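Residues per chain, in single letters:
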Amino acid sequence: CKGPGVCRSGRRDMALRCAASLAAGRQPRCPRLPRPAREGTVRWSSAAEASAVKINEKASREKILTLESMNPQVKAVEYAVRGPILLKAGEIEKELRKGIKKPFTEVIKANIGDAHAMGQRPITFLRQVVALCTYPNLLDSPSFPEDAKKRARRILQGCGGNSLGSYSASQGINCIREDVASYIERRDGGVPADPDNIYLTTGASDGIATILKILVSGGGKSRTGVMIPIPQYPLYSAAISELDAIQVNYYLDEENCWALDVNELRRSLNEAKAYCNPKVLCIINPGNPTGQVQNRKCIEDVIHFAWEEKLFLLADEVYQDNVYSEGCQFHSFKKILYEMGPEYYNNVELASFHSTSKGYMGECGYRGGYMEVINLHPEIKGQLVKLLSVRLCPPVSGQAAMDIVVNPPIPGEESYSQFIKEKESVLNNLAKKAKLTEDMFNKVPGIHCNPLQGAMYAFPRIFIPSKAIEEAKAHKMAPDMFYCMKLLEETGICVVPGSGFGQREGSYHFRMTILPPVEKLKILLEKVKDFHIKFLEKYA
């Protein structure tokens, strides 16, 4: 043998195996070499030893991409909903599968608004149309209703080659954008909507990130500032970090059911002008994680503020179907803007977002969504389409799902009665669970929960004793992260600490979805109650 890579047998596989063994620090076992009678090493020529050293050097050389060399903006990104708490939940699930005993038999992931994962049944009509689009041979089947076939044929006619597997235009399939515009006009009582202002997106998140990307510019004190509500959905802080923009916090009023106060907006804006150029105002309505539904007067005040201060408005309206409290009603920013008159409607730049993931549909996995952008400069419109074209197009199956959200069965069509029954069942069930969650939390000492007016989460404030705060500091954790980790380890319930969404200094919360089935939700709430009481006793 002449050393690694020079096998006398002439067989390349043996040579490679020999070199790999040496690189890993193991003695090669060559079938052409006799095994040593006692412990020792094969004697190599000096050339072979030098070659082995080179291979080892290559195997252990420093990586090009490290935490020090990576993009610092990406490293700064945090997304609490799928952060450390979910990783810990995954570890516990693995332990349960291995038979390791815990005080519980399953992990309940109440950390994210994933309706179908929590047992919600899909809307039949939506799935029928997507199935027909996916496998057009089913169009000849008598098992599918004609109104579903009609919509599927229309969607397929808008696809290249009549196939869902083809790319669409970057802005989305034209007939679906037309349906979105018609939906907005119906929703807003006749306020006109132009299909050319509609952009189909990969969920609402894609649209939000795209608009922020095109808005952010400048450096130093002229760097773009983005005003976001606190508490906020962590998509916003993550996108702002990734773009190296400036996050400008404004606080919702917890004592007033998480209301948005224009005086607080003004305070936040004026302070931010000292270190950045605030030019974007983000609104989440209904709120996530807070569940508040903004009234008409509040929206008018926000629009006037944006007009006065020359701010670009982003209206995240993905929970527009999820309104539960009596006296509350969803008002779109587009509708109120139009009704405030031409001075506002022709000047305030507004991007509004919707999605298939929430509402009564819960179709998170399809990644369907849209944004409507009005009063955009014509040249910027071209830049936006260019930016969207880089990702080619949103998933076409998600576009088809979005079409059914905006173009559902209407009275007189054969699927209408089943569709309405399923839709109302989902929304009535969510309203029942919202009230149940609020009532049960408010019976627990040391927990306070505002009314869940909309969306699909509770965001209760929790009292954490000073002894627990000290222990959290010793573990280098935020106090509410410490609380949520303990809750997970002792009950199997996975919720997200309020620090991941932002909160006022000295207050502590967690976010929990209300999506589990009613009976399971009752068990979950009872477990949280028992845990919280024991937690207070332990750290009192």
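Residues numbered from 1 in each chain as written. Predicted model: local features only at pLDDT ≥ 70, side-chain atom pairs only at ≥ 80, totals over all residues. Heavy atoms only, no water.

> Explain the overall build of the protein residue by residue, including any values.
A count of helical and extended segments in the protein gives 19 helices and 14 strands. Classification of the 540 residues of the protein by burial places 51% in the buried group. Accessible surface computed for the protein: about 26000 Å², of which carbon and sulfur atoms make up 51%. (Helix = DSSP H or I, 4+ residues; strand = E, 2+ residues; numbered from the N terminus. Buried < 20%, exposed > 50% of the residue type's maximum accessible area, 1.4 Å probe, protein only. Areas by Shrake-Rupley, 256 points an atom, 1.4 Å probe, with all protein chains shown as cover.)

> Can you lay out the pattern of salt bridges for me, pointing to particular residues and giving the numbers?
The final tally for this structure, using the stated rule, is 29 salt bridges. Lys88 is the salt-bridge partner of Glu91, the closest N and O atoms lying 3.9 Å from each other. With Glu91 and Lys88 both in helix H4 (residues 84–97), this residue pair falls 3 residues apart, about one helical turn. Residue classification places Glu91 among the partly exposed positions, given a relative accessible area of 44%. With a shortest N-O distance of 2.9 Å, Asp301 and Lys297 are connected by a salt bridge. Here the residue Asp301 and the residue Lys297 both occupy positions in helix H11 (residues 296–309), the gap between them amounting to 4 residues, near one helical turn. (Salt bridge = Lys/Arg side-chain N within 4 Å of Asp/Glu carboxyl O.)

> Can you explain the sheet that holds strand S7 (residues 350–355)? Please cite residues and give values.
Reading across the sheet, the 7 strands line up as S2-S8-S7-S6-S5-S3-S4 and stay open at both edges, with mixed pairing between neighbours. Bordering the open sheet on either side are strand S2 (198–202) and strand S4 (246–251), each of which pairs with just one other strand. Ignoring strand direction, the axes of neighbouring strands in this sheet form an average angle of 25 degrees. By the bridge criterion, 5 bridges tie strand S5 (residues 277–284) to strand S6 (residues 312–316) in an arrangement that is parallel. Among the inter-strand pairings, Ile283 is bridged to a residue of S6, identified as Ala315. (Pairing = 2+ DSSP bridges. Axes fitted to C-alpha atoms, helices over the stretch in contact; angles between N-to-C directions.)

> An account of the pairing of strand S3 (residues 224–230) is needed here, citing residue identities and associated values.
In terms of burial, S3 is a largely internal element, 7 of the 7 residues being buried. The two faces of S3 match: Thr224, Val226, Ile228 and Ile230 on one face and Gly225, Met227 and Pro229 on the other face are all buried. Here 4 bridges tie S3 to S5, and the two strands are oriented parallel to one another. Along S5, the bridge assignment pairs Gly225 with Pro278. As defined by bridge partners, S3 adjoins S4 across 6 bridges and the pair is classed as parallel. Across the sheet, Ile228 pairs through a bridge with Asn249, a residue of S4.

> Can you tell me about the packing of helix H17 (residues 466–474) against helix H19 (residues 518–539), naming the residues and giving the values?
It is at 8 Å that the axes of H17 and H19 come closest, and there the two elements cross at 85 degrees. The pairing of H17 with H19 is recorded here as roughly perpendicular in orientation. Touching Lys467, Ala468 and Glu471 of H17 are Phe535, Lys538 and Tyr539, all from H19. Grouping the constituent residues of the contact of H17 with H19 by class yields 3 nonpolar, no polar and 3 charged. (Parallel < 35°, antiparallel > 145°, perpendicular 65-115°, else oblique. Contact = heavy atoms within 4.5 Å. Nonpolar A, V, L, I, M, F, W, Y, C, P; charged D, E, K, R; others polar.)

> Talk me through the environment of Leu200; I want residue IDs and the actual numbers.
Inspection of the secondary structure assignment puts Leu200 in strand S2. In contact with Leu200, other than residues within four places in its own chain, are Ser170, Gln171, Gly172, Ile173, Ile176, Arg177, Val180, Gly369, Tyr370, Arg391, Pro394 and Gln399.

> Run through the confidence of the model for the protein, naming residues and quoting values.
Residues at a pLDDT of 70 or more form 88% of the protein, whose mean pLDDT is 89. With pLDDT under 50 throughout, residues 36–42 is counted as low confidence; its partners more than four residues away or in other chains account for 5 contacts. (pLDDT = per-residue confidence, 0-100.)

> Explain the sheet that holds strand S13 (residues 496–497) residue by residue, including any values.
Spatially, the 3 strands line up as an open sheet ordered S10-S14-S13, and their pairing is antiparallel. The sheet is open, and its two borders are formed by strand S10 (457–458) and S13, each paired with just one other strand. Bridging between S13 and strand S14 (residues 510–513) involves 2 bridges; their strand directions are antiparallel. Counted as the bridge partner of Val496 is Arg511 from S14.

> Explain the nonpolar core to me, and be specific about the residues and the numbers.
Ranked by size, the top nonpolar core spans 121 residues in total, and within it Ile155, Ile211, Leu314, Tyr370, Phe441, Phe510 and Met512 carry the most contacts. Residues lining this core come from more than one domain, with at least three contributed by each of domain 1 (72–107 + 418–539) and domain 2 (124–406). When sequence neighbours within four positions are dropped, the list of residues in contact with Ile211 reads Phe312, Leu314, Ala351, Phe353, Met371, Val373 and Leu384. Grouped together as the second largest cluster of nonpolar side chains are 34 residues, Leu260, Ala272, Ile283 and Tyr344 included. (Core = buried A, V, L, I, M, F, W, Y, C linked by side-chain atoms within 4.5 Å. Domains from an automatic or database assignment.)

> Explain the side chain of Thr201 to me, using residue names and the numbers behind them.
Structurally, Thr201 can be placed in strand S2. For Thr201, a relative accessible area of 2% gives the class buried. A polar contact is formed between the side chain of Thr201 and the backbone oxygen of Gly203, at a distance of 2.8 Å. Residues in contact with Thr201, not counting those within four places in the same chain, are Asp206, Gly207, Arg367, Gly368, Gly369, Tyr370, Met371, Arg391 and Pro394. (Polar contact = N/O pair within 3.5 Å; in protein donor to acceptor, adjacent residues only side chain to side chain.)

> Requested: an account of unusual backbone geometry, with residues and values cited.
With an omega of -10 degrees, the peptide bond between Asn285 and Pro286 qualifies as cis. Along the chain, Pro286 turns up in the loop between S5 and H11. At Arg367, a position not held by glycine, the phi torsion is positive, near 50 degrees. Turning to its location among the elements, Arg367 is positioned in the loop between S7 and strand S8 (368–374). Its identity as a non-glycine residue notwithstanding, Lys476 has a phi of 55 degrees, on the positive side.

> Before we move on, could you go through empty space enclosed by the protein and cite the residues and values that matter?
Applying the stated criterion across every chain, the model contains 2 cavities of 30 Å³ or more. Considering only enclosed or pocket space, the largest cavity measures out at about 60 Å³ in volume. Along its surface, the largest cavity is lined by 13 residues, and Pro229, Leu252, Ile284, Gly287 and Gln292 are the ones closest to its centre. In the lining of the largest cavity, the residues fall into 8 nonpolar, 5 polar and no charged. Roughly 40 Å³ of internal volume is contained in the second largest cavity. Forming the boundary of the second largest cavity are Trp258, Thr290, Cys449, Asn450, Pro451, Leu452, Tyr457, Ala458 and Phe459. Considering only residue class, the lining of the second largest cavity consists of 7 nonpolar, 2 polar and no charged. (1 Å grid on protein atoms, 1.4 Å probe; cavity = no way out; pocket = protein on both sides within 12 Å on 5 of 7 lines; lining within 4 Å. Points joined across faces, edges and corners; volume = space filled by probe spheres on them.)

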